[in-house]
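Residues per chain, in single letters:
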Amino acid sequence: PHVCVGLTMAEPHLEVQQLHFRHTIAGRIPLIRKHAILGGGVFDCSFSIERGEILGLVGANGAGKTTTMKILTGEIMATSGSAYLGGHNIEEDQQRVRRLIGYCPQFDALLDRLTVKEHLELFGRLKGLQDSELDKAVVSVIEMLSLNKFTNKLAGTLSGGNKRKLSVGIALIGGPKILFLDEPSTGVDPVARRFMWGVISRICTRQRDCCIILTSHVMEEVEALCTRVAVVVGGRMRCLGSNQHLK
């Protein structure tokens, strides 16, 4: 039987109800190539997140963390169930949902021949920013992530850590209300990792109307950032609660 966990009395900013996703070789799932196998499935997943909250998803490779993010960002469609982001159904109103979200994927999706600034300008325009508003947003993100020295450097020449910073910056441009960060500190050295933790923490503290879903294999990262943690095993949320509750 389905058990609904983690739902709170306050109006949620993101709500997931009985989300289910099973891979198919019949090509029935939109945006997935026929015969493709992408990560784990998701089974009867229900939770909600309030504004100002950071939810951490932890679990082994193939547990379904990234698949859950792909469904919630509209990259793939769920087999059944529903998800509401900012009050909008992800399947029925993707255009409005995508105006609300920022997404840092597990692997950097950068264009080697574009500079750091050009990346941010490109994705800023996709978010609807123009002219002076765009310029201010780009400068703000570059300063926030200490990428000033690399503003005009091609993405292909950046170190792994700075590429990761740029990917997080792309997610942040435009001030999204819902942030999805899939292993944001992967490949980052310990000093830069702690710096990035500070950036993520300040975003949620400063923007109380923003919420974040973060996946990680580093328990120290989850403990440092997350208000609640969900343990995902075999596509199911086995436990959801505060760090203290899980301990």
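Scroll up for the structure.
Residues numbered from 1 in each chain as written. Predicted model: local features only at pLDDT ≥ 70, side-chain atom pairs only at ≥ 80, totals over all residues. Heavy atoms only, no water.

**Considerations on the environment of H245**
In this structure, H245 sits in helix α8 (residues 243–246). Between the C-alpha atoms of H245 and V229, which are 16 residues apart in sequence, the distance is 9.2 Å. Contact partners of H245, with chain neighbours within four places excluded, come to C239 and L240. (Helix = DSSP H or I, 4+ residues; strand = E, 2+ residues; numbered from the N terminus. Contact = heavy atoms within 4.5 Å.)

**Focus on the pairing of strand β3 (residues 54–58)**
Here β3 lies mainly inside the structure; five of its five residues are buried. Across the two faces of β3 the burial is the same, with I54, G56 and V58 and L55 and L57 all buried. Relative to strand β8 (residues 211–215), β3 is paired through four bridges, and the arrangement is parallel. Looking at β8, one finds that L55 is bridged to I213. Bridging between β3 and strand β9 (residues 228–233) involves four bridges; their strand directions are parallel. For G56, the partnering residue across the bridge sits in β9 and is V229. (Buried < 20%, exposed > 50% of the residue type's maximum accessible area, 1.4 Å probe, protein only. Pairing = 2+ DSSP bridges.)

**Regarding the pattern of salt bridges**
Side chains that differ in sign of charge can pair as their charged atoms come close. All chains considered together, the criterion is met by four salt bridges. Put simply, R228 and E53 hold a salt bridge, and the shortest N to O gap is 2.4 Å. Residue R228 is located in strand β9, and its partner E53 is located in the loop between β2 (42–49) and β3; the two are separated by 175 residues in the primary sequence. Accessibility classification places R228 together with E53 in one group, the buried group. Ionic pairing is found between R194 and E220, a salt bridge with its closest N-O pair at 2.3 Å. (Salt bridge = Lys/Arg side-chain N within 4 Å of Asp/Glu carboxyl O.)

**Thoughts on the packing of helix α5 (residues 160–172) against helix α6 (residues 190–206)**
Direction vectors running N to C along α5 and α6 enclose 5°, while the axes themselves pass 12 Å from each other. Judged on the interaxial angle alone, α6 and α5 are roughly parallel. Of the residues in α6, those touching α5 at R164, K165, V168 and L172 are A192, F195, M196, V199 and I203. Split by residue class, the contact of α5 with α6 holds seven nonpolar, no polar and two charged. (Axes fitted to C-alpha atoms, helices over the stretch in contact; angles between N-to-C directions. Parallel < 35°, antiparallel > 145°, perpendicular 65-115°, else oblique. Nonpolar A, V, L, I, M, F, W, Y, C, P; charged D, E, K, R; others polar.)

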